[in-house]
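Here is how the chains run, residue by residue.
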Amino acid sequence: MQNSIKGTLTKVLDVEKGTTQAGKDWVKKSFVVKTEDKYPKEVCFTLFGEKVPMLDSHKVGDVITTHFNLSSREYNGKYYHNIDAWKIDSETATTVNKSEYHATDVPF
């Protein structure tokens, strides 16, 4: 099953960084896309680690298609959901698509 949503990039949140209990550094960046449905919805996606730079070539107002994975985890009887983006395609002609990324591009 392929999950993707086409819509307008409406917000880009600040990069978040941290360290796990095991001492491993992590980085993530979230962004919001407003869908083009009859009843538009806003969906917040997250990019992790080496995927963070994929958003650099897109700006607020661009029309993009975001490919993503859904996952859920249980903690203390409650479920928490993640919408993790793994590819971003530009639908706006003026935007250069730089969705390809390399591990050396991660800004740590």
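Located above this text is the structure these notes cover.
Basis of the calculations
- Residues numbered from 1 in each chain as written.
- Predicted model: local features only at pLDDT ≥ 70, side-chain atom pairs only at ≥ 80, totals over all residues.
- Heavy atoms only, no water.
- Helix = DSSP H or I, 4+ residues; strand = E, 2+ residues; numbered from the N terminus.
- Contact = heavy atoms within 4.5 Å.
- Pairing = 2+ DSSP bridges.
- Phe/Tyr/Trp six-rings, centres within 6.5 Å; stacked < 30°, edge-to-face > 60°.
- Buried < 20%, exposed > 50% of the residue type's maximum accessible area, 1.4 Å probe, protein only.
- Salt bridge = Lys/Arg side-chain N within 4 Å of Asp/Glu carboxyl O.

**With respect to the environment of Glu-16**
When you line up the elements, Glu-16 lands in strand β2 (residues 16-19). For Glu-16 and Phe-48, which are 32 residues apart along the polypeptide, the C-alpha to C-alpha distance reads 9.6 Å. With residues up to four places along the chain from it excluded, the contact list for Glu-16 reads Trp-26, Val-27 and Lys-28.

**Looking at the pairing of β2**
Note on strand geometry: in a regular strand, side chains alternate between the two faces of the sheet. Note: β2 against strand β3 (residues 25-35), four bridges, orientation antiparallel. Following the sheet pairing, Lys-17 is matched in β3 by Val-27. With antiparallel pairing between neighbouring strands as the criterion, β2 and β3 make up a hairpin whose turn holds five residues, including Gly-23 at a positive phi of roughly 90°.

**Here we look at the packing of aromatic side chains**
Applying the stated criterion across every chain yields a total of two aromatic pairs. With a centroid separation of 5.4 Å and 25° between ring planes, the pair formed by Phe-31 and Phe-45 is classed as stacked. Here Phe-31 is found in strand β3, whereas its partner Phe-45 is found in strand β4 (residues 42-48), with 14 residues between them in sequence. Considered together, Phe-31 and Phe-45 belong to a single accessibility category, that of buried residues. Pairing Phe-45 with Phe-68 gives two aromatic rings, centres 5.3 Å apart and planes at 55°, and the pair type is tilted. Placement of Phe-45 in strand β4 and of Phe-68 in strand β5 (residues 63-75) is noted, with a sequence separation of 23 residues between them. With respect to burial, Phe-45 and Phe-68 carry one shared label: buried. Among the aromatic residues, those joined into a cluster by ring pairs are Phe-31, Phe-45 and Phe-68.

**What about the pattern of salt bridges?**
All told, the structure shown has two salt bridges when counted by the stated rule. Its salt-bridge partner being Lys-59, residue Asp-62 comes within 3.1 Å of it at the nearest N-O pair. A salt bridge links Lys-87 to Asp-89, with the shortest nitrogen-to-oxygen separation between them at 4.0 Å. For Lys-87, a relative accessible area of 34% gives the class partly exposed.

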